Structures are given as structure tokens and as C-alpha cells.
Amino acid sequence: MDEPEAPCSSVQPRAAAARELLLDALEDLSQEQLKRFRHKLRDALVDGRSIPWGRLERADAVDLADQLTQFYGPEPALDVARKTLKRADARDIAAWLKEQRLQRLGPSSAALLSVSEYKKKYREHVLRQHAKVKERNARSVKISKRFTKLLIAPESAAPEWEAAGPAEEPEPERARRSDTHTFNRLFGRDEEGQRPLTVVLQGPAGIGKTMAAKKILYDWAAGKLYRGEVDFAFFLPCAELLERPGTCSLADLILAQCPGRSAPVRQMLQRSERLLFILDGADELPAPGLAEAAPCTDPFEAAGGAQVLGGLLSKALLPQARLLVTTRTADPGRLQGRLCSPQCAEVRGFSDKDKKKYFYKYFQDEWRAERAYGFVKENETLFALCFVPFVCWIVCTVLRQQLELGQDLSRTSKTTTSVYLLFIVSVLSPAPAEDRPQLQGELRRLCRLAREGVLGRRAHFAEKDLERLQLHGSKVQTLFLSKKELPGVLQAEVTYQFIDQSFQEFFAALSYLLEEEGPPGAPAGGVEELLQGDPEMRHHLALTTRFLFGLLSAERLRDVERHFGCAVSERMKQDVLKWVQDQGQGRPRVLPEGAEDTNSLKATERSESKSEEEEEEEEEEEFNFPMVLLYCLYETQEGAFVRQALRGHPELALEHLRLSRMDLAVLSYCLRCCPAGQALRLVNCTLPAPKKKKKKKSLVKRLQNSLSGSSSSQATTRKPQASSLHPLCEALTDQQCGLTSLTLSRCKLPDSACHDLSQALRQAPALTELSLLHNGLGEEGLRVLSEGLAWPRCRVQTLRLQQPGLQEALQYLIALLQPSSTLTTLDLSGCQLSEPMVTYLCAVLQQPGCRLQTLSLTSVELSEQSLGELRAVRTAKPGLVITHPALDSHPEPLKGFNTAF
């Protein structure tokens, strides 16, 4: 036997020393002892696992050392070997192994707990650490008291288009409140029995993703989630780890979250399928391909934060571990290049019911809660904004201050920008008038700090940063920055961050207004650094840009001048307007579906050679920008500004988007303000589920209505329930709306949407072109739609309808071609026309007063009889253009065709 060595301290030398010690012990066994050891080893269970007998049956000492080390880890293998040696009657060697282990590896490793012993200790530690959360005003509250359930909609809840028949309305997505059952379902098995290893929680800033992630960690530690499936869960804040100086390994990050330094990390990592890593704010990671080095593959390898997190996301590191990833939805396709088969879920914030619960939890005083909630409920726009928990907190904070000061709750806000500005003003307003100049100076410097951080992708600031800008100990530091201690090499490192990431982005936007006038010819306030840049930076600055637009509205500019003592140059607003208009330059106009050109054909060929994932990623990256721009315009709440801005974007094309109610509200507002000649295309967009109907009346009330005879009359006059397309249709009827062309393609429109669309067609002041392509409309929907098209004040001249399976329902559209109709172009490409329907169509077309000038039947299967009838119509009405590839193959008209029908 070798002489004792000095105790080891680092991880890798300890592992090598442990394996060497194990091999020394096993090589001292006789052949009979080695045989008994192998037999006893197959019954050595650790956490219910043992080495399969097939690996042990013919193993010698070297093989056994390798198997033990690989299966249990180097140091845990020593424990297993020592206990097995005693059972195999090799007690002298077991005693020697125990003594040598203490001498070579030191007492600390001997004191390590096993995984099964450590589970309970770690759970208790997590419960203590995360029992309370700090509010943005630094007040600590219990997470169970503060957490209000959010709506979470799994991606799988979206109805599949193929599942619904042509006349069947698809079921709406079902968003579930975030209770224990919903959190458990995130990692539930799909229809094929597969369980996702990566779940992405996505949602806009302030929607409550981080709070939901912390609640999941807390509920796991309390034994409510993933029982029997997850042994250890770890919370990794991505922004903080990316800013961490130096290198570290995943094992180091795990140890940092454990009580003491006695965690059996190697044993824990041996069963990575029982680990859960919560990566909060993964959108902070640089885009794929921009990282400095390849992702980590070894959990003990020291590397930069981006490499370690990138390794987890791509499954290069611990491929069997579970990941829960939170990210903003500003660019949902951005992480797709990293993630491996993710299951996505959308965090949708508070329901109306949960908004009320939040108010009562916040105020903890029924009278004040009732007053505040009642005021917000009456303000429809402000109430809608409160679906975002952070906005809800801001509103509650402002209202509490107004109630305490006895002020009237009459100040209202329509946008996120105005809510944030109102919060800042309300926080700063109690300061004495003589302190205001100093406070305004501090605020300017705070805005500069925020701007430096946003442009440099930093969320944490050192004390020297605050000292450089003379902010250390200032009032604004106390109000808007929170202090945090990060573990350092020698001592804890003190850092500061804004009370919320979105606040940093708001102050960064405000800094551009507070900047001094720049040199002649340069954009005012240096906004070019915010607006210009590559797509990666544009994504990062999306919220800051939106806040800037909101601050440039006339009303907000007056607020900034009044409260912050500065006059904003009008040139800045003009610079921003020019930038918006320039974004429309160079963007190719999307042709109507059915039109072909060489570029589109080449694009099709290219897309066929790409994978589905690559294609979806490109589509999301290309077509998400218009929606971001519309949100910016919405924040201004200035119709004239929006109208001028959209003149640079004559066609808005939104594709492959899952539209929320807020998205539709933003789009509808911009349409109300759009200039004449505007076109809108929604392609492959998923509409939000319509709001649920109100609860049915009680049985007593229904009986009373029945006895009074009112139920039958109400049934006949009851209006159809508004569809999710209703806000958009209402915008079309605004007399300021200049939209002339509307395309809805593959948007899974239910028949109920046709009622709203039909009503809009009767009043839309400018709409002359309507395209409904592959939406699955049924006969009832087409009938209702035709009523709107037939209305005397309907201005639609061009109608494109591409939908197979309509058959006889087309009679409603054909009937439109009467003298009173304004239709001049009808495109039925891709529809199915029976011979009797073609005969009816030809008879209507031949009527003297029919104004139709163009009829397109491309891709319509027609019989020889139908072709002959169409040739006869074309001969009788040479001014009518009828397009079909087979029409010119037999020029003779069909004999005996009755033109009078």
C-alpha cells in the first residue's frame, strides 16, 4: 500500500486521488474476495440505483474502479466500496480505505452528505431563502401573500386548423390560471407521450415571468410541484450571470445556491434527469453566433456566463436536465437557434378577476382598495393596461399616494409610458420646491446611468459608477435603485440595479429628451445610437424605443418640461418621424396572393431547401418589426403623427404572429389614423380567443322571463357575440381611417367574425379591396358577409376569395354581381365550382347591368361544359376579362347554351 499523501482541496485532483485510492483497495483483494465483492456490489443501492450485473460479472479490479467511479462519482464511490467490502468480509481493507480517505482527501469530503440525505436540507434552505420577495420599493413581503395568479396559455392549447371543419368554429385557446396544477402541466406529456425537457415562459416586460418562476421554485421546495421527478431545482438569473466577472463552472453556480459547501455536487450531476434549472431572462443572452466561444459541455469546466448558459440552453451541457426558461416576447424566434425541442407557454398577465385580487392584496384596507379599484375600473384604457402586474403595481402605488394625500383620483393614463411618467412624477412631487433643482440634476444623471447600461447591456452597476455620476447617497438612488450583494472572491461585491429592468429602459429613453442640443445636422439628443443599429441591438432596445415614442407626444413633452425643467427640441420629434418613414423604404411590396413574379418563385425554391425551423425563424425575424413599430406609434397617442409616419409604410404586412388582445388594440388604433391608400395584410396570424359570455341568469330570473314572455322576443333580437376581430372592424368604420385594402390570409377566421366584418363593410369610408384567403369560412359566414358586400354604401370593388370546399355557398357571392353592386373584380381562384354553379354564374354575368370587369378562376377545376359556357360569356361580353388556363384551348362556344338562363 502507498504512503499517505497531503489532503487535496480542488475538485479535479480530489477526483483523481479518490479513483487512485479506490483502485489500490480493490487490487489488494484476493480472487475469492473480488468475486464476493462483485456479487455484493450488485445489491448496493444508492437512491434506488445499482450497477447492472452485466457490467460486473467479468470485471477485474481496474474495471470495477472505472464502473464505480462513472456510476456514482469518484468520492461517493469510496462510500459504496467501503460498505460493500464490509459485507464481502474484507473488513481489514474496508478499515484501511476509511483511514486513507481521511488522510488523503481530508475530513471535509468524509463529512459530505449523500444525495438522499441532502435533498431535505436543500429544500428547507430554498424555502427559507425564497419565502419572501422584495418589492420594488425594497419592502419584503411573503411570496405566498403577494403572488397573484396569472393567466398562462400553453402553445399546445392553440387549436389546430385541420381539426376544424369548414363550417365549424375552432375552439379558443384556453389560458389557465397559474396554480399548482398549471405549473405541473408545463412539463406534462404530450399526445405522443413525450415529456418536454425545455419549457419557455414568454411574455412582455413586467408581465410577471420572474415572479412566476420564483413561485415555481418555492412550490417545488414546499413539495407541491414535480414530486418524485425533480430532486434539485436552481434559479439562475441570466443578466446577473452574464455581468459576473471572471469564469465559473456550472458546478460552482450550483454550490453558490447550496447551504454551506457540503453539497454532493458530483452525485447530484450524476442524475441530471432529476435536476431543474430555471433560467430567468434568457433573452439577455447574445444571439446565436455572436458568443465569444462555443457552449460549455462539461459541468466542471470554468467558462464565461454566456458559455455556461448557452450550454444549458442548447443541451450541450446536461442534455437530460429540465429547463424552465423565461424570455420577453419582443422577438420569440430569437432563442430558437439555441433551444432543443422547446415547449412554449405564454404568460398573459392578470385576468379581470385577478386584477381586483391584486388591488386588495396591495392595499390591505378594504375601503382604500375599493376606491382605487373602482376608479381604475371606470377608466377602460387604464384598467386594460393593468393586465401587466408591474403596471398594476405602479398604478396602485400612485393611487395609494393620492389617497393618503386626500387627492382626487382623476388623473388618467392611456399608455404604458404615461403610467410610468405619472409614477415618477408622483414619487418626486412631495419634495420641497427649493430642493427641486438639485433633484432635477440628480434625475438627469440617473437617466445617463440608465442609458449607459442599456447601450452597454448592463443591468448592475458598481459603487464607482454611482460615485462617478455623483449619485451615491442621492435621493434618486434611494427611490429608483436597489442594492444587492453578489458573492465575490475575497468579499461580497455591492452592486446596484434599477427597481425593475423596464424602469432602466424608461429612464434611458428619458435621457434623450434631457440631453443638450447636439451639433448642427446631427439627430437631436443623439437618438441615432438608439434607432440605428443591427437587428440584434434593435431587439435589445425595443422597449426603450417604445418609451421614447411615448415621451415625444405633445402631452408628455409638456409634462417633461413642467416637471423636469427642460424644453425638448422639436427637431428630435422630426428626426424620429423621418426614421419611421425611412423604415418603409426598400421594403418590397408584398404582392396579392396568386400573383407571381420571378423573385417570389426564387424565394419559394429557397424555402423548400430549408428546414421548417429555419423558415419559421426567418419569418418571425422579418415580419415582427412592423408590429414593434405599431406599438411605438400607439404610445404617441397622436393621430397626426401616426398618419405621417404610416405614409412611409403604404403596406403593413404582419405574418406568423400570435396576436393578443393588446396587439389588436394597438393595430386598431393605428388603422384609425392611417392615411388614404393604406393596405394591411394579416397572413398566418392567430387571433386571440373571444371573451367569454357572461354567466347565465339564475333559474329564478329565467323562469320570470319565461312567464313574462320576454325570452322568446329576446332570443330573436339578441345580437351575435362579438368576435376577436371586432376591434379591427370597428377601426375600419372610423371616418379618419384611410385603409383601402385588407387581406386576411390563413388566419383561421370563424364564421362569427364575418358578422363583424359585414357590419364594417357597410360603413368603411375607404375600403375598396378585400381578400379572404384560405380562412375556412362556412356557408353561414359567407352568407352574412355577402349581406355587407351588397349594402348600398359598401365601397368594395375588388373581392378575392380563395377557399376550397365552399361549393354551393358561392351562390351568395354570385348574387352580388347584380346591377346595384360596386364589384368590378372577383377572384375565385382555388374555389370549387360545380357545373350548376358555373351555369348560374354565367347567367348573372350576361345580365346587361352587371359591372364586373375581371373574373379570375385560376386553379379552379372546370368541366368541358363549364368551359364552354364561360367562352360563350366572353364572346358575348368582350369587355369582361375571364382568366383560366384552359379557356383558350377550345375556342368554339358550346352549342345550345341558353344565354337567357
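Residues numbered from 1 in each chain as written. Predicted model: local features only at pLDDT ≥ 70, side-chain atom pairs only at ≥ 80, totals over all residues. Heavy atoms only, no water.

1. Let's talk about the packing of helix H19 (residues 389–404) against helix H20 (residues 416–428)
Geometrically, a packed helix pair is captured by the angle between its two axes and the distance between the axes.
And then number 1: Packing of H19 against H20 leaves a shortest axis separation of 10 Å and a crossing angle of 40°. Pair H19 / H20 crosses with left-handed handedness. Each of Phe-390, Val-391, Trp-393, Ile-394, Val-395, Thr-397, Val-398 and Gln-401 in H19 lies in contact with H20, whose residues at this interface are Thr-416, Val-419, Tyr-420, Leu-422, Phe-423, Ser-426 and Val-427.
And then number 2: Grouping the amino acids of the contact of H19 with H20 by side-chain chemistry returns 11 nonpolar, four polar and no charged. (Axes fitted to C-alpha atoms, helices over the stretch in contact; angles between N-to-C directions. Helix = DSSP H or I, 4+ residues; strand = E, 2+ residues; numbered from the N terminus. Left-handed = near helix turned anticlockwise from the far one by under 90°. Contact = heavy atoms within 4.5 Å. Nonpolar A, V, L, I, M, F, W, Y, C, P; charged D, E, K, R; others polar.)

2. Let's talk about the side chain of Asp-465
And then number 1: Tracing the backbone through its elements, the reader meets Asp-465 in helix H22 (residues 463–468).
And then number 2: Among the polar contacts made by the side chain of Asp-465, one reaches the main-chain amide nitrogen of Ala-462 at a distance of 3.0 Å.
And then number 3: In contact with Asp-465, other than residues within four places in its own chain, are Leu-449 and Arg-458. (Polar contact = N/O pair within 3.5 Å; in protein donor to acceptor, adjacent residues only side chain to side chain.)

3. Re the environment of Tyr-634
And then number 1: Among the secondary structure elements, Tyr-634 is positioned in helix H32 (residues 625–636).
And then number 2: With relative accessibility at 10%, the residue Tyr-634 sits in the buried group.
And then number 3: Put simply, Tyr-634 and Ala-665 are 31 residues apart on the chain and 9.1 Å apart in space, counted from C-alpha to C-alpha.
And then number 4: For Tyr-634, the residues in contact, after removing those within four places along its chain, are Thr-381, Lys-414, Thr-415, Met-662, Ala-665, Val-666, Tyr-669 and Cys-670. (Buried < 20%, exposed > 50% of the residue type's maximum accessible area, 1.4 Å probe, protein only.)

4. A word on the sheet that holds strand S14 (residues 678–683)
And then number 1: The strand order S13-S14-S15-S16-S17-S18-S19-S20 describes an open sheet built from eight strands, whose pairing is parallel. With partners counted over all chains shown, the strands left at the sheet margins are strand S13 (651–655) and strand S20 (881–883), one partner each. On average, each strand axis in the sheet is tilted by 5° relative to the strand beside it, whichever way the strands run.
And then number 2: Direction of pairing for strand S19 (residues 854–856) relative to S20: parallel, over a ladder of three bridges. In the strand pairing of S20, Ser-856 is matched with Thr-883. (Pairing = 2+ DSSP bridges.)

5. Notes on unusual backbone geometry
And then number 1: One non-glycine residue with positive phi stands out, namely Tyr-226, at about 55°.
And then number 2: One can find Tyr-226 in the loop between helix H11 (209–221) and strand S6 (232–237).
And then number 3: Even without a glycine there, the phi angle at Arg-746 is positive, about 55°.
And then number 4: Here Arg-746 is to be found in the loop between strand S15 (739–745) and helix H38 (751–763).

6. Section: the confidence of the model for the protein chain
And then number 1: Averaged over every residue, the pLDDT of the protein chain is 80; the share at 70 or more is 80%.
And then number 2: Mean pLDDT per element in the protein chain: helix H30 (residues 598–608) is the minimum at 35, and S15 is the maximum at 96.
And then number 3: pLDDT under 50 marks residues 156–173. Its contacts with residues more than four places away, or in other chains, come to 30 contacts.
And then number 4: A low-confidence stretch, residues 588–623 (pLDDT under 50), is modelled with 29 contacts involving residues beyond four sequence positions or located in other chains. (pLDDT = per-residue confidence, 0-100.)

7. Let's talk about the packing of aromatic side chains
And then number 1: Evaluation of the coordinates by the stated rule reveals 33 aromatic pairs.
And then number 2: When the ring of Tyr-420 is compared with that of Phe-547, the centres are 5.0 Å apart and the planes differ by 45°; the resulting orientation is tilted. One end of the pair, Tyr-420, is in helix H20; the other, Phe-547, is in helix H27 (residues 542–551), with 127 residues separating them in the sequence.
And then number 3: Classification of Phe-547 by relative accessible area gives buried; the value is 2%.
And then number 4: Counting every residue linked through ring pairs, the aromatic cluster contains Phe-390, Trp-393, Tyr-420, Phe-423, Phe-461, Phe-480, Phe-498, Phe-503, Phe-506, Phe-507 and Phe-547.
And then number 5: Seen from the ring of Phe-383, Lys-355 lies directly overhead, with NZ or CZ sitting 4.1 Å from the centre. (Phe/Tyr/Trp six-rings, centres within 6.5 Å; stacked < 30°, edge-to-face > 60°. Lys NZ or Arg CZ within 6 Å of the ring centre and 35° of its normal.)

8. Details of H27
And then number 1: Burial runs high along H27: nine of the 10 residues are buried.
And then number 2: Listed in full, the buried residues belonging to H27 are Ala-542, Leu-543, Thr-544, Thr-545, Phe-547, Leu-548, Phe-549, Gly-550 and Leu-551.

9. With respect to the environment of Asp-231
And then number 1: Mapped onto the elements of the fold, Asp-231 is located in the loop between H11 and S6.
And then number 2: Along the backbone, Asp-231 and Ser-116 are 115 residues apart, and their C-alpha atoms lie at a distance of 8.8 Å.
And then number 3: Excluding residues that lie within four positions of it along the chain, Asp-231 makes contacts with Lys-119, Trp-220 and Arg-274.
And then number 4: For Asp-231, the side chain forms a polar contact with the side chain of Lys-119, separated by 3.4 Å.

10. Here's the deal with helix H6 (residues 91–105)
And then number 1: Spanning 15 residues, H6 covers 21 Å between terminal C-alpha atoms, matching the ideal 21 Å at 1.5 Å per step.
And then number 2: When H6 is considered as a whole, its buried residues turn out to be Ile-93, Ala-94, Trp-96, Leu-97, Gln-100, Arg-101, Arg-104 and Leu-105. Mapping the buried residues of H6 onto a view down its axis gives an arc of 160°, with all of them on the same face. Residues of H6 that are exposed and point more than 90 degrees away from the buried face comprise Arg-91 and Asp-92. (Expected span 1.5 Å × (residues − 1). Arc of directions from axis to C-beta.)

11. Comments concerning a negative patch on the surface
And then number 1: Together, Glu-27, Asp-28, Asp-60 and Asp-63 make up a region of like negative charge exposed at the surface.
And then number 2: With respect to the secondary-structure elements, Asp-28 resides in the loop between helix H1 (11–27) and helix H2 (31–41). (Patch = residues over 30% accessible without salt bridge, like charges linked within 9 Å, V, L, I, M, F, W, Y side chains within 5 Å. Areas by Shrake-Rupley, 256 points an atom, 1.4 Å probe, with all protein chains shown as cover. Salt bridge = Lys/Arg side-chain N within 4 Å of Asp/Glu carboxyl O. Lys, Arg positive; Asp, Glu negative; His and termini not counted. Charge placed at Lys NZ, Arg CZ, Asp CG, Glu CD.)

12. As for the environment of Leu-197
And then number 1: Of note, Leu-197 is situated in the loop between helix H10 (180–185) and strand S5 (198–202).
And then number 2: Residue Leu-197 is classed as partly exposed on the basis of its relative accessible area of 29%.
And then number 3: Those residues within four positions of Leu-197 in sequence are excluded, and the remaining contacts are Phe-187, Lys-315, Pro-319, Gln-320, Ala-321, Arg-322 and Leu-323.

13. Some details on a positive patch on the surface
And then number 1: Where like charges cluster on the molecular surface, the positive patch consists of Lys-83, Lys-86, Arg-91 and Lys-98.
And then number 2: Mapped by element, the contributors of at least two residues to the positive patch are helix H5 (74–87) and H6.
And then number 3: Considering the arrangement of structural elements, one finds Arg-91 in helix H6.
And then number 4: By relative accessible area, which is 53% here, Arg-91 ends up exposed.

14. Considering the sheet that holds strand S3 (residues 151–154)
And then number 1: If you walk across this open sheet you meet the seven strands as S4-S3-S9-S5-S8-S7-S6, and the pairing is mixed. Taken across any chain shown, the strands that pair with only one partner, and hence form the sheet edges, are strand S4 (176–177) and S6.

15. Concerning the packing of helix H41 (residues 835–845) against helix H42 (residues 864–876)
And then number 1: Interhelical geometry of H41 versus H42 gives an angle of 5° and a closest axis separation of 9 Å. Judged on the interaxial angle alone, H42 and H41 are roughly parallel. Between H41 and H42, the contacting residues are Glu-835, Val-838, Thr-839, Cys-842 and Leu-845 on the first element and Gln-865, Ser-866, Glu-869, Leu-870 and Val-873 on the second.
And then number 2: When grouped by side-chain class, the residues that make up the contact of H41 with H42 number five nonpolar, three polar and two charged. (Parallel < 35°, antiparallel > 145°, perpendicular 65-115°, else oblique.)

16. Some remarks on the pattern of salt bridges
And then number 1: Under the defined criterion, the tally for this structure stands at 28 salt bridges.
And then number 2: The partner of Arg-762 in a salt bridge is Glu-787, with the nearest N and O atoms 4.0 Å apart. With Arg-762 in helix H38 and Glu-787 in helix H39 (residues 779–789), the pair connects residues that are 25 residues apart, well separated along the chain.

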